[in-house]
Amino acid sequence: MTNFIVLLGFQIPYHYKIPFFLLVLILYSLTLAANIMIVSLVSLRPSLHRPMFFFLSHLSLSDMILTTNIVPVMLTGIIRGEVTLSIAECIIQFTFFCISLAYESLLLAVMSFDRYLAVCNPLRYMSIMDKKLRFQFVSLCWGLSIIIAISAFEMISRLKFCGPNIIDHFFCDFFPILKLSCSDTTAIVLEQMLIAAPTAFCPFVFIVVTYIYIFITVLRIPTTVGRQKAFSTFSSHLTVVSIFFGSLISLYLFPSQKESSIDANKIVSFMYIVVTPLFNPLIYSLRNKEIRNYLQKYLQTI
């Protein structure tokens, strides 16, 4: 019976290993710094204690969990050429990956509802999206994502692994893990799809519907300046949603079993695990005047 799994990671020529390692390390360091900055600013600045920034700080927390769960293992694999994990470590990595992925999907839906209220019902926005409702939304997202991840953990833990023990990826994902099992995985795939598909599909549909109402409301604004001001309230969120769900759909909605697609899947996974968590705070920082001003003041004091 197999007790360990070998992650092949990125099979790159020897003379490119150090530059690629440094690139990933720099991106990871910048990701942590940028997301910690967002969480710190939102926590310490009273003027940022508003719904949008509250949800943004939790998005940053989710991004940090996602990258910290996977990138250190990936960095080890880049230097060594491969990395060995026990079955338990591999399943735990996938479980935390599930938590962060499900949470971000649900939170982006909540943030779209927040933007809907801000644009379509501005007079009642703060009274509806009060502190109690914000905490209820965030708690619900964390709770559902943990339940989903635990169900996946429980299902995979029932499998028997008797070889082969090699995953041609840089982290333990669902389908690569199943390929290593000598158990019948038909029921597990069906169970997981019944749980995971609504977790991604329902938030996506909800976001699309809310943005249809948002765009209808914006187009009814008589002045160009008014439309531009309204657009600025949700453009950052719309950009993040497009990047996140675009990557998710390309990987999991239309998965390819061809060997030629493995490298492409690694690149797309690299984008949403390493690059997107860095883009999220940058997108919000660059497009939000308040965060830019606070960041400039903070940098001037250093």
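The rules behind these values
Residues numbered from 1 in each chain as written. Predicted model: local features only at pLDDT ≥ 70, side-chain atom pairs only at ≥ 80, totals over all residues. Heavy atoms only, no water. Core = buried A, V, L, I, M, F, W, Y, C linked by side-chain atoms within 4.5 Å. Buried < 20%, exposed > 50% of the residue type's maximum accessible area, 1.4 Å probe, protein only. Contact = heavy atoms within 4.5 Å. Patch = residues over 30% accessible without salt bridge, like charges linked within 9 Å, V, L, I, M, F, W, Y side chains within 5 Å. Areas by Shrake-Rupley, 256 points an atom, 1.4 Å probe, with all protein chains shown as cover. Salt bridge = Lys/Arg side-chain N within 4 Å of Asp/Glu carboxyl O. Helix = DSSP H or I, 4+ residues; strand = E, 2+ residues; numbered from the N terminus. UniProt positions renumbered as here; feature names shortened; annotations may be inferred. Disulfide = S-S within 2.5 Å. Polar contact = N/O pair within 3.5 Å; in protein donor to acceptor, adjacent residues only side chain to side chain.

Caption draft 1: Inspection of the nonpolar core at higher detail. Judged by nonpolar contacts, the single largest core of 86 residues is most densely connected at Met74, Phe97, Leu108, Phe270 and Ile273. Setting aside residues no more than four positions away along its own chain, Phe270 makes contact with Phe10, Phe20, Val24, Leu27, Met74, Phe170 and Val275.

Caption draft 2: Representation of a nonpolar patch on the surface within the structure. Taken together, the side chains of Phe201, Phe204, Val205, Val208, Val209, Ile212, Tyr213 and Ile216 present a nonpolar region at the surface, about 690 Å² in accessible area. For Ile216, the position within the fold is in helix H7 (residues 186–219). When its relative accessible area of 38% is taken as the criterion, Ile216 is described as partly exposed.

Caption draft 3: Spotlight on the UniProt feature "transmembrane region" (unreviewed entry) in the protein chain. The feature "transmembrane region" (unreviewed entry), as given by UniProt, occupies residues 20–42, 54–79, 91–113, 133–153, 195–219, 231–255 and 267–286 in the numbering adopted here. Secondary structure content for residues 54–79 is 100% helix and 0% strand, while the C-alpha to C-alpha distance between its ends is 38 Å. Note that residues 133–153 is 100% helix and 0% strand, and that its end C-alpha atoms are spaced 30 Å apart.

Caption draft 4: Layout of the state of the cysteines. Scanning the entire structure with this criterion turns up one disulfide. Paired by a disulfide, Cys90 and Cys172 hold their sulfur atoms 1.9 Å apart. Given an S-S torsion of about -120°, the disulfide between Cys90 and Cys172 has left-handed geometry. Of this pair, Cys90 sits in helix H3 (residues 87–120) while Cys172 is found in the loop between strand E3 (166–167) and helix H6 (174–179), placing the two residues 82 residues apart along the sequence. Of the residues examined, Cys90 reaches a relative accessible area of 0% and is grouped as buried. The class for Cys172 is buried, based on a relative accessible area of 0%. Of all cysteine sulfurs, the one in Cys141 lies closest to Cys202, which takes part in no disulfide; the gap is 13 Å. Judged by relative accessible area, which is 45%, Cys202 ranks as partly exposed.

Caption draft 5: Broad picture of the side chain of Asn35. Examined against the element boundaries, Asn35 turns out to sit in helix H1 (residues 14–44). A distance of 2.8 Å separates a polar side-chain atom of Asn35 from the backbone oxygen of Thr31.

Caption draft 6: Geometry of the pattern of salt bridges. Summed over the entire model, instances satisfying the criterion amount to three salt bridges. Between Arg115 and Asp114 there is a salt bridge; the shortest N-O distance is 2.7 Å. Here Asp114 falls in the buried class, since its relative accessible area comes to 1%. Of the charged contacts, one joins Glu154 and Arg158 as a salt bridge, the two residues approaching to 2.8 Å between their closest N and O atoms.

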